[in-house]
There are 2 protein chains.
Amino acid sequence: MNDYEQDNAPPTGDSSRDALPPVTQHARQYETVRNAHETELIEDYVELIGDLIRHRGEARATDLASRMGVRQATVSKMVRRLNELGLVKSQPYRSLFLTEAGQSMAENSRARHDIVLQFLRALGVRDSTARIDAEGMEHHVSDETLAIMQRFIEENAK
Amino acid sequence: MNDYEQDNAPPTGDSSRDALPPVTQHARQYETVRNAHETELIEDYVELIGDLIRHRGEARATDLASRMGVRQATVSKMVRRLNELGLVKSQPYRSLFLTEAGQSMAENSRARHDIVLQFLRALGVRDSTARIDAEGMEHHVSDETLAIMQRFIEENAK
DNA sequence: TATAAAATATAGCAAAAGCTAACTAATTAC
DNA sequence: GTAATTAGTTAGCTTTTGCTATATTTTATA
């Protein structure tokens, strides 16, 4: 039997992970992850630029590079992309600014990030671990799950 | 002030996300995420091959392609990589097998995946959403957090 | 069993994100 | 105010993971 045809197979009634999901749904899961990966880096940069402006007054390429753990050349290239995407406004050799769109992306990312981080802490994860996990998980948490995390935080607040 | 120097700055005493983490730690967070991305796809393939063998008796490239939502050529190329990495044993035009190493990676991934999925469900996330989120989150959850999730599942089992 | 269909492989292209090296601009220090 | 240092840019390379198109092999069918 071909795997394509399995989509027509009757549901097994088994709700655990033990059964493979129908092909179409399975593929959609991986597609969602791939899509997230495409926007992930963009969001991380925009979020970081926002944070730098917020906390340090300005966002310099050098600081982006050292905080991201990459070379300046990499940042330069990325900033050009962010410009093209209309997320960042910049002039050569000057520090960076977010456009309206960039600003709202930054706020959105920061909010998600905060919720995930607080959720992990509320769950009992150590701060340094929580920060690392949050950075990775942030982009893979659906709105539905995020709302549930939010509720969890409120219920478990001291 | 240069951002590099900020590493020597005294901690603000503010444990919320409101403060930027020290530069070195911040960079390590992003590095961890980048590293996860490198192994992520590999693990997904190996895990899926394991699942296919388990549930369908064999793993064919076509089925990998349809379930991953990519083209067969992409799978072919990936399988060559998995071979080089010593995770998969395969002969041209034949179905795929996992090596010892591949098998243990598959088991490990499946275990992680299961815990994350069950955790999300225990938290109250709908099944279809939980599956999507788990697929993305799986690779970004530390052992520490995983253990906590495990405990949470046990405590909240009916 | 010969042929059509399905599965797999290979070649070659593209985009993304990293790198180094070499160059230019801005800032700081003297 | 010039020289040295720091910051930013650009060009060109590499790896990874997609893709299409084409060739080859295996399997199924008439």
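Now for a quick tour of the structure. The structure displayed is predicted, hence computed values, not measured ones.

Reading the values: rules and limits
- Residues numbered from 1 in each chain as written.
- Chains lettered and ligands numbered in written order.
- Predicted model: local features only at pLDDT ≥ 70, side-chain atom pairs only at ≥ 80, totals over all residues.
- Heavy atoms only, no water.
- Helix = DSSP H or I, 4+ residues; strand = E, 2+ residues; numbered from the N terminus.
- Buried < 20%, exposed > 50% of the residue type's maximum accessible area, 1.4 Å probe, protein only.
- Areas by Shrake-Rupley, 256 points an atom, 1.4 Å probe, with all protein chains shown as cover.
- Phe/Tyr/Trp six-rings, centres within 6.5 Å; stacked < 30°, edge-to-face > 60°.
- Contact = heavy atoms within 4.5 Å.
- Least-squares fit on C-alpha atoms with pLDDT ≥ 70 in both.
- Near = heavy atom within 4 Å.
- Polar contact = N/O pair within 3.5 Å; in protein donor to acceptor, adjacent residues only side chain to side chain.
- Nonpolar A, V, L, I, M, F, W, Y, C, P; charged D, E, K, R; others polar.
- Salt bridge = Lys/Arg side-chain N within 4 Å of Asp/Glu carboxyl O.
- Buried area = accessible area lost by both parts, 1.4 Å probe.

1. Description of the overall build of chain A
- Across its full length, chain A holds 6 helices and 2 strands.
- Order of helices (α) and strands (β) in chain A, N terminus to C terminus: α-α-α-β-β-α-α-α.
- Residues counted as buried form 47% of the 158 residues belonging to chain A.
- Within the structure as shown, chain A displays about 8400 Å² of accessible surface, and the carbon and sulfur contribution to it stands at 49%.

2. Notes on the packing of aromatic side chains
- Tallying each qualifying case throughout the model produces 4 aromatic pairs over all chains.
- Geometrically, the ring pair formed by F119(A) and F152(A) is edge-to-face, given 5.1 Å between the ring centres and 65 degrees between the ring planes. Within this pair, whereas F119(A) is found in helix 4 (residues 100-123), its partner F152(A) is found in helix 6 (residues 143-155), the two being separated by 33 residues in sequence. A single burial state applies to F119(A) and to F152(A), both of which are buried.
- Three or more aromatic residues joined by ring pairs form one cluster here, namely F119(A), F152(A), F119(B) and F152(B).

3. Some details on unusual backbone geometry
- For Y93(A), which is not glycine, the phi dihedral falls at a positive 65 degrees.
- Summarising the element assignment, Y93(A) is placed in the loop between strand 1 (88-89) and strand 2 (97-98).

4. Considerations on the side chain of H140(B)
- With respect to the helices and strands, H140(B) occurs in the loop between helix 5 (127-137) and helix 6 (143-155).
- Judged by relative accessible area, which is 6%, H140(B) ranks as buried.
- Every residue in contact with H140(B), bar those within four places of it in the chain, is listed here: D133(A), G136(A), M137(A), H140(A), V33(B), A36(B), H37(B) and E40(B).

5. Quick look at the relation of the copies chain A and chain B
- Mapping chain A onto chain B calls for a rotation angle of 180 degrees and an axial translation of 0.0 Å; the resulting RMSD is 0.0 Å. Here the copies are linked by what is in effect a two-fold axis. It is M137(A) whose C-alpha, among those of chain A, lies nearest the rotation axis, at 2.7 Å.
- Mapped onto chain B, 100% of the interface residues of chain A are again interface residues, and the two copies thus contact each other with one and the same surface.

6. Here's the deal with the protein's contact with DNA strand D
- Inspection of the region around DNA strand D gives 23 residues, with T62(A), Q72(A), T74(B), K77(B) and R81(B) positioned closest.
- The sugar-phosphate backbone supplies 73% of the atoms of DNA strand D found within 4 Å of the protein.
- Contacts to DNA strand D include R60(A), whose side-chain N or O atom sits 3.0 Å from a phosphate oxygen.
- Within the residue set of the surface near DNA strand D, elements represented by two or more residues are helix 2 (61-68) and helix 3 (72-84) of chain A together with helix 1 (23-56) and helix 3 (72-84) of chain B.
- Its residues placed into classes, the surface near DNA strand D shows 10 nonpolar, 5 polar and 8 charged.

7. What about the pattern of salt bridges?
Residues and elements named next belong to chain A.
- Per the counting criterion, the structure on display carries 10 salt bridges over all chains.
- Residue R112 is joined to D143 by a salt bridge in which the shortest nitrogen-to-oxygen separation is 3.2 Å. One end of the pair, R112, is in helix 4; the other, D143, is in helix 6, and 31 residues separate them in sequence.
- Residue classification places R112 among the buried positions, given a relative accessible area of 15%.

8. Some words on the protein's contact with DNA strand C
- Looking at DNA strand C, there are 23 residues lining it, with T74(A), K77(A), R81(A), T62(B) and Q72(B) nearest.
- The contact atoms of DNA strand C, taken as those within 4 Å of the protein, divide so that sugar and phosphate hold 74%.
- At 3.5 Å, a backbone N or O of A61(B) approaches a phosphate oxygen of DNA strand C.
- Measuring from a phosphate oxygen of DNA strand C, one finds a side-chain N or O atom of S76(B) at 3.1 Å.
- When its residues are assigned to classes, the surface near DNA strand C shows 10 nonpolar, 5 polar and 8 charged.

9. Some thoughts on the interface of chain A and chain B
- On the chain B side, the residues contacting the 66 residues of chain A number 66 residues.
- Both faces considered, chain A and chain B share a buried interface measuring about 5800 Å² in area, 53% of it formed by carbon and sulfur atoms.
- For E144(A), the salt bridge identified is with R126(B), shortest N-O distance 3.3 Å.
- There are 21 residue pairs in polar contact (both at pLDDT 80 or more) connecting chain A and chain B.
- Within the residue set of the side of chain A that touches chain B, elements represented by two or more residues are helix 1 (23-56), helix 2, helix 4, helix 5 (127-137) and helix 6 of chain A.
- Per-element tally for the side of chain A that touches chain B: the top contributor is helix 1 of chain A, with 20 residues.
- Class assignment of the residues belonging to the side of chain A that touches chain B gives a composition of 24 nonpolar, 20 polar and 22 charged.

10. As for helix 5 of chain A
- A large share of helix 5 of chain A lies buried, amounting to 8 of its 11 residues.
- Listed in full, the buried residues belonging to helix 5 of chain A are T129(A), A130(A), R131(A), D133(A), A134(A), E135(A), G136(A) and M137(A).
- The inward-facing, buried residues of helix 5 of chain A contact helix 1, helix 4 and helix 6 of chain A together with helix 1, helix 5 and helix 6 of chain B.

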